[in-house]
Amino acid sequence: CGTVQTLAPGVAEIKRVYVSPTARGSGVGRAIMEQLIADCRAMGGVAILAKITSDNTGGLAFYSRMGFADWQVWPADHVRASGEVVDRIVKRFDL
């Protein structure tokens, strides 16, 4: 599954892309992301942002493979249920 939220005119944020562990590596994630990108283009978007926790190496690699570039680091921006605080990396995709 995947969702997009409009942040400002022309700018959207990927809120979530999730693929069940049994389907990972099958191309499902890429297909979801390609559809989200196409949807953003169709809505007249100019950029898509994605926020990924700095320790999510799989997520960071996935967005990089999809053409998203590192844009900003938000230090200590995410607090886990355990109380652990982690940075978030914001990646950007220009349409």
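Bear in mind the structure is a predicted one, so any value in this text is a computation, not a measurement. (Residues numbered from 1 in each chain as written. Predicted model: local features only at pLDDT ≥ 70, side-chain atom pairs only at ≥ 80, totals over all residues. Heavy atoms only, no water.)

**Student:** Describe in detail the pattern of salt bridges, supporting the description with residues and values.
**Tutor:** Within the structure shown, the criterion is met by eight salt bridges. Between Asp 77 and Arg 88 there is a salt bridge, and its shortest N-O distance comes to 2.6 Å. Of this pair, Asp 77 sits in strand β4 (residues 69-79) while Arg 88 sits in strand β5 (residues 85-94), and the two are eleven residues apart along the sequence. The residue Arg 80 makes a salt bridge to Glu 84 at a minimum N-O spacing of 3.4 Å. Here Arg 80 falls in the partly exposed class, since its relative accessible area comes to 25%. Judged by its relative accessible area of 40%, Glu 84 is partly exposed. Overlapping salt bridges bring together Glu 13, Lys 15 and Lys 51 as one network. (Salt bridge = Lys/Arg side-chain N within 4 Å of Asp/Glu carboxyl O. Helix = DSSP H or I, 4+ residues; strand = E, 2+ residues; numbered from the N terminus. Buried < 20%, exposed > 50% of the residue type's maximum accessible area, 1.4 Å probe, protein only.)

**Student:** Please give an account of unusual backbone geometry that cites residues and values.
**Tutor:** Its identity is not glycine, yet Ala 76 carries a phi of approximately 50 degrees, on the positive side. Relative to the elements of secondary structure, Ala 76 occurs in strand β4.

**Student:** Quick one: what's the story with the packing of aromatic side chains, residue by residue and with numbers?
**Tutor:** Applying the stated criterion across every chain yields a total of three aromatic pairs. Each ring, one from Phe 62 and one from Tyr 63, has its centre 5.6 Å from the other, and the planes form 75 degrees; the classification is edge-to-face. A residue is classified by how much of its surface remains accessible, and Phe 62, at 16% relative accessible area, is buried. On the basis of relative accessible area, Tyr 63 is assigned to the buried category, the value being 9%. Both rings, one in Tyr 63 and one in Phe 68, keep their centres 5.1 Å apart while their planes meet at 85 degrees; by these two values the pair is edge-to-face. When its relative accessible area of 4% is taken as the criterion, Phe 68 is described as buried. (Phe/Tyr/Trp six-rings, centres within 6.5 Å; stacked < 30°, edge-to-face > 60°.)

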